Amino acid sequence: MNRVSKFATLAVGLITLASSPAVFAQASPAPAAAAPAVKPEAIPAKVGLIAFEQAVFATNEGQQAVAALGKKYEPQKTKIQGEQTEVDSLQKQLQAATTISDDDRQSRVRTIDAKQKQLQRDGEDAQAAYQNDLQEAYGRLAGKVNAVMQKYASDNGFTLLLDVSGQQSNVLWANEKTDVTRAVIEAYNAQAGVAAPAGPAPAATPRSAAPRPAAKTPAK
C-alpha cells in the first residue's frame, strides 16, 4: 500500500469514528457531580481585633529586622546629617555677610542651592531604599505571623478577626479584652524561638520612613 492509500484509509477511519455517537459516548468521561451547596449556619460570634502590621514588627524577629536595617542605613544617615549641617552653616554665613558684593552673594546662593539639591536627592534616595528594604522584611515575616494568628484564632474560638492597623479603620470602639495583638506576638515568639533583642525595641511599620531633610530656601 502506497502513502496515498494509507492516508485515505486513515481518513475513512476518522470519518467513521466521528459519525458514531456511541464511540464518543464511551470515550468521553462523565461530567463530575456538582459539589453539594454549603448551607449557611448561624453560630455564636466571637470577634477579635489585631493590629497586624504592628504585630509583625513587634515580634522578636521583627525587632531584629528593624534593628539590622537601622544599622545598614547608619552611614547614609550620617552623610545626610553632615550635608544638612553644611547647608545650615553656609546659610548662616550668607545671612551674616552684609558687606559682600552682589557677584559674591549670587555665587554663594548658587553654591547653597546646589548643595540643597544634592541633600534632597540623597535624602529621597535613602528614604526610598530604606522603605523598600522595610517592605521586603515585612513581606518575609508577615506570612509566618499570619499562620500563627489563624491558629490562635481557631484554637480560641474566634469567628472573626478585624485588622485595625490602618489609620482609617472602621472600628470606632471595642473592648480592650478583644485585642489579641499581644497574644499573637507572644504565640509567634514562642513558636519561632527567636530571643528578644537587647535594648529598647525599634519601632517601625511598613508605612514608616526615614526622616527627610527639611527644604530650605537660600537667603538672597
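Keep in mind that what you see is a predicted model, and the values were worked out from it rather than measured.

Q: Describe the overall build of the protein, listing the residues and the values that go with them.
A: A tally of regular secondary structure across the protein gives seven helices and two strands. Reading the helices (α) and strands (β) of the protein from amino to carboxyl end gives α-α-β-α-α-α-α-β-α. Carbon and sulfur atoms provide 57% of the accessible area of the protein, an area that totals close to 15,200 Å².

Q: Give me the lowdown on the packing of aromatic side chains, citing residues and values where you can.
A: Within this structure, the stated rule accounts for three aromatic pairs. We note K46 situated over the ring of F158; from NZ or CZ to the ring centre the distance is 4.5 Å.

Q: Now, about the nonpolar core: what can you tell me, with residues and values included?
A: With 20 residues, the main nonpolar core has I50, F52, V56, L134, Y138, V145 and V184 as its most contacted residues. Of all the elements in the fold, those that place two or more residues in this core are α3 (52–58), α4 (60–72), α6 (102–155) and α7 (181–192). Broken down by element, this core gets its largest block of residues, nine residues, from α6. The residues contacting V56, other than those within four sequence positions of it, are G62, Y138, L141, A142 and V145.

Q: Tell me about α4, and name the residues and values.
A: The periodicity of an α-helix, 3.6 residues per turn, causes residues three or four positions apart to be oriented the same way. The terminal C-alpha atoms of α4, which comprises 13 residues, lie 18 Å apart, in line with the 18 Å expected from a rise of 1.5 Å per residue. When α4 is considered as a whole, its buried residues turn out to be N60, G62, Q63, V66 and L69. Check the buried side of α4 and you find it contacts α3, α6 and α7.

Q: I'd like a rundown of the confidence of the model for the protein, residues and numbers included.
A: Low pLDDT means the predicted atomic positions in that stretch should not be read closely. Taken as a whole, the protein shows an average pLDDT of 81; of its residues, 74% reach a score of 70 or greater. Across residues 1–28, confidence stays below pLDDT 50; counting only partners more than four residues off in sequence or on other chains, it has five contacts. Confidence drops under a pLDDT of 50 for residues 207–220, and excluding neighbours within four residues, the segment shows 37 contacts in the predicted structure.

Q: So what's going on with the environment of V164? Which residues, and what values?
A: Mapped onto the fold, V164 is located in the loop between β2 (160–163) and α7. For V164, a relative accessible area of 22% translates into the label partly exposed. The spatial distance from the C-alpha of V164 to the C-alpha of T181 is 9.9 Å, given a sequence separation of 17 residues. Other than its neighbours up to four places away in sequence, V164 contacts L49, I50, A51, S169 and V171.

Q: Requested: an account of helix α5 (residues 74–96), with residues and values cited.
A: Here α5 contains 23 residues, and its C-alpha end-to-end distance of 33 Å stays within 8% of the 33 Å for a straight helix at 1.5 Å per residue. Regarding α5, the residues found buried are I80, E83, Q84, V87, Q91 and L94. The inward-facing, buried residues of α5 contact α6.

Q: Give me the lowdown on the pattern of salt bridges, citing residues and values where you can.
A: As a working rule, side chains carrying opposite charge can pair if their charged atoms are close by. As enumerated under the stated definition, the model contains seven salt bridges in all. D122 is the partner of K79 in a salt bridge, and the nearest nitrogen-oxygen pair spans 3.8 Å. Remark: D122 occurs in helix α6 and K79 occurs in helix α5; sequence separation between them is 43 residues. A relative accessible area of 14% places D122 in the buried class.

Parameters at a glance
Residues numbered from 1 in each chain as written. Predicted model: local features only at pLDDT ≥ 70, side-chain atom pairs only at ≥ 80, totals over all residues. Heavy atoms only, no water. Helix = DSSP H or I, 4+ residues; strand = E, 2+ residues; numbered from the N terminus. Areas by Shrake-Rupley, 256 points an atom, 1.4 Å probe, with all protein chains shown as cover. Phe/Tyr/Trp six-rings, centres within 6.5 Å; stacked < 30°, edge-to-face > 60°. Lys NZ or Arg CZ within 6 Å of the ring centre and 35° of its normal. Core = buried A, V, L, I, M, F, W, Y, C linked by side-chain atoms within 4.5 Å. Buried < 20%, exposed > 50% of the residue type's maximum accessible area, 1.4 Å probe, protein only. Contact = heavy atoms within 4.5 Å. Expected span 1.5 Å × (residues − 1). pLDDT = per-residue confidence, 0-100. Salt bridge = Lys/Arg side-chain N within 4 Å of Asp/Glu carboxyl O.

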